[in-house]
Amino acid sequence: AMMGIRLQRYLSPSETGSPGGSVEASADNSGAGETQLPLRDPGIISALSADTSATMLPMMMQTFVDEIADRVQRITDGLDSLPMAVLEDEAHTLKSCAGTFGALRLQALAREVETACREGRRAATRALAEKLHATLQDTLSSYRASMDYPSNAAD
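Residues numbered from 1 in each chain as written. Predicted model: local features only at pLDDT ≥ 70, side-chain atom pairs only at ≥ 80, totals over all residues. Heavy atoms only, no water.

## Concerning the overall build of the protein chain
Line of reasoning, step 1. Secondary structure summary: the protein chain contains eight helices and zero strands in total.
Line of reasoning, step 2. In sequence order, the secondary structure elements of the protein chain are arranged as α-α-α-α-α-α-α-α.
Line of reasoning, step 3. Per-residue burial over the protein chain gives 44% buried out of 155 residues.
Line of reasoning, step 4. Nonlocal contacts in the protein chain, meaning residues at least 24 apart in sequence, comprise 73% of its contacts between residues at least 6 apart.
Line of reasoning, step 5. For the protein chain, the accessible surface area stands at approximately 7500 Å², while carbon and sulfur atoms represent 55% of it. (Helix = DSSP H or I, 4+ residues; strand = E, 2+ residues; numbered from the N terminus. Buried < 20%, exposed > 50% of the residue type's maximum accessible area, 1.4 Å probe, protein only. Contact = heavy atoms within 4.5 Å. Areas by Shrake-Rupley, 256 points an atom, 1.4 Å probe, with all protein chains shown as cover.)

## Things to note about the packing of aromatic side chains
Line of reasoning, step 1. Taken as a whole, this structure holds two aromatic pairs when the rule is applied.
Line of reasoning, step 2. Pairing Phe64 with Phe101 gives two aromatic rings, centres 4.4 Å apart and planes at 20°, and the pair type is stacked. In this pair, Phe64 sits in helix α5 (residues 56–77) while Phe101 sits in the loop between α6 (84–100) and α7 (104–118), placing the two residues 37 residues apart along the sequence. Note on accessibility: Phe64 and Phe101 belong to one class, buried.
Line of reasoning, step 3. Each member of the aromatic cluster is reached from another via a ring pair, and the members are Phe64, Phe101 and Tyr143. (Phe/Tyr/Trp six-rings, centres within 6.5 Å; stacked < 30°, edge-to-face > 60°.)

## Considerations on α7
Line of reasoning, step 1. With 15 residues, α7 should cover 21 Å at 1.5 Å per step; its first-to-last C-alpha distance of 21 Å lies within 8% of that length.
Line of reasoning, step 2. Of all the 15 residues making up α7, 13 are buried; the element is thus mostly covered by neighbouring parts of the structure.
Line of reasoning, step 3. A positive phi of about 70° marks Gly120, the residue just after α7. (Expected span 1.5 Å × (residues − 1).)

## Examining the packing of α5 against α6
When two helices pack together, their arrangement is captured by the angle between the axes and the distance separating the axes.
Line of reasoning, step 1. For the pair α5 and α6, the least separation of the axes is 9 Å and the interaxial angle reads 155°. With respect to their mutual orientation, α5 and α6 come out roughly antiparallel. α5 and α6 meet at a crossing whose hand is left-handed. Across the interface between the two elements, Phe64, Glu67, Ile68, Arg71, Val72, Arg74 and Ile75 from α5 touch Leu87, Glu90, Ala91, Thr93, Leu94, Cys97 and Ala98 from α6. (Axes fitted to C-alpha atoms, helices over the stretch in contact; angles between N-to-C directions. Parallel < 35°, antiparallel > 145°, perpendicular 65-115°, else oblique. Left-handed = near helix turned anticlockwise from the far one by under 90°.)

## Details of the confidence of the model for the protein chain
Reading fine detail from the predicted coordinates is not recommended where pLDDT is low.
Line of reasoning, step 1. Per-residue confidence for the protein chain gives a mean pLDDT of 80; residues scoring 70 or more make up 72%.
Line of reasoning, step 2. Within the protein chain, the lowest mean pLDDT, 39, falls on helix α3 (residues 23–26), and the highest, 97, falls on α7.
Line of reasoning, step 3. Predicted confidence is poor over residues 1–5, with pLDDT under 50, and the contacts of this stretch with residues over four places away or in other chains come to six contacts.
Line of reasoning, step 4. A low-confidence stretch, residues 149–155 (pLDDT under 50), is modelled with 17 contacts involving residues beyond four sequence positions or located in other chains. (pLDDT = per-residue confidence, 0-100.)

Okay, structure coming up:
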């Protein structure tokens, strides 16, 4: 839980709400929606860099990368062992974090995982989690290509 708190510190309260709120309504078509979404919203990174300093953005990005990788790992590791409520919680944090940094496809997928967990659909959660890992890798590659943040995140 400490990682999430560390990340919140960088952002003013207005920014911690997921900026992709408008995506909420359109993300209900189970499964088909998130692949159409871009991996990242370039506007959000520009906005973040405008709101912070050039030295802080790479640190924020590194924290973000560590956080989302950590959450995806916990979800995939805990698919059979963790209670659904815990998985739902992890997915919720992943969704907020992805939203804050404009990782649109990951955010949409995390939202689907969160819903499947809430509804107690473990098989659906497992199927979505398989896509989660691939989407995480694509997302990390996309951010890495677009930014010069330290890439010592676990590959």
